[in-house]
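Given next are the chains, with one letter for each unit.
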Amino acid sequence: KAGVTQTPRYLIKTRGQQVTLSCSPISGHRSVSWYQQTPGQGLQFLFEYFSETQRNKGNFPGRFSGRQFSNSRSEMNVSTLELGDSALYLCASSRDEGLNSPLHFGNGTRLTVT
Amino acid sequence: AQSVTQLGSHVSVSEGALVLLRCNYSSSVPPYLFWYVQYPNQGLQLLLKYTTGATLVKGINGFEAEFKKSETSFHLTKPSAHMSDAAEYFCAVSLTGGFKTIFGAGTRLFVKA
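These notes cover the structure that comes with them. (Residues numbered from 1 in each chain as written. Chains lettered and ligands numbered in written order. Predicted model: local features only at pLDDT ≥ 70, side-chain atom pairs only at ≥ 80, totals over all residues. Heavy atoms only, no water.)

1. Details of the overall build of chain A
So, point 1. Of regular secondary structure, chain A possesses 0 helices and 11 strands.
So, point 2. Of the regular secondary structure in chain A, the N- to C-terminal order runs β-β-β-β-β-β-β-β-β-β-β.
So, point 3. Counting only residues that meet the buried cut, chain A has 51% of its 114 residues in that class.
So, point 4. Separation between the mean location of the 12 positive side-chain charges and that of the 7 negative ones in chain A comes to 5 Å. (Helix = DSSP H or I, 4+ residues; strand = E, 2+ residues; numbered from the N terminus. Buried < 20%, exposed > 50% of the residue type's maximum accessible area, 1.4 Å probe, protein only. Lys, Arg positive; Asp, Glu negative; His and termini not counted. Charge placed at Lys NZ, Arg CZ, Asp CG, Glu CD.)

Written as structure tokens, this is what we have:
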């Protein structure tokens with residue numbers, strides 16, 4: 001079974017631009033979560049989607065948004081990029097059998113904002 | 001609010017020595033607890049999880065963790081470190097109704113030959 005796939009792996013953008021990251025979950029997984037990972041802040045929860053609905057959102061500004069499609073694939077968008085948005089963005093899927101269902105992570109998209 | 005604290009951002013052990021990575025959580029209700037490992041340039045992989053039942057949980061690669069409710073701890077151990085264990089380890093907690101998993105700051109494990 002294929003794992004979680006994130007595209008692209010690396011991205012370089014300029015301040016003020018916007019970016020869209022993509023995540024394909026493991027087949028059969030209906031929940032997708034996004035995390036931002038930086039050396040200073042660690043893993044910060046962005047949002048979680050289930051059946052195209054956002055169920056929870058972290059403490060990030062409105063420039064960060066996401067969505068989930070009917071096939072469970074998910075995208076996140078960051079508008080008006082700032083230097084501080086440089087990070088590894090991780091997507092994780094789970095079967096959502098309950099909160100004891102572990103997360104399966106992709107290898108991430110490394111975003112660099114210059 | 002739930003939170004996870006990992007004591008020690010860096011831990012260094014010799015090959016063959018005991019590995020002990022500490023994790024404490026704060027929660028007013030019994031949580032679900034996890035340990036994940038991250039190798040360079042990769043995402044996180046599940047090592048083990050505690051939901052209910054036996055408090056000593058065995059995971060992959062010889063790791064295990066013990067849930068101690070009285071101490072609100074979920075420390076990760078391995079009897080004998082191997083060079084391949086060098087990585088960053090994350091403790092995580094999730095709560096019913098929260099629909100999210102919260103991670104600790106991570107502990108980077110170094111293994112010396």
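2. Quick word on the pattern of salt bridges
So, point 1. Here the structure, examined in full by the defined rule, presents 8 salt bridges over all chains.
So, point 2. The salt bridge partner of Glu-64 of chain B is Lys-58 of chain B, with a shortest N-O separation of 2.7 Å.
So, point 3. A residue is classified by how much of its surface remains accessible, and Glu-64 of chain B, at 21% relative accessible area, is partly exposed.
So, point 4. One salt bridge connects Lys-78 of chain B with Asp-85 of chain B, and the closest N-O pair in it is separated by 2.8 Å.
So, point 5. Given the relative accessible area of 11%, Lys-78 of chain B is considered buried.
So, point 6. Residue classification places Asp-85 of chain B among the buried residues on the basis of a relative accessible area of 3%.
So, point 7. Through salt bridges with shared partners, a single network forms among Arg-63, Glu-82 and Asp-85 of chain A. (Salt bridge = Lys/Arg side-chain N within 4 Å of Asp/Glu carboxyl O.)

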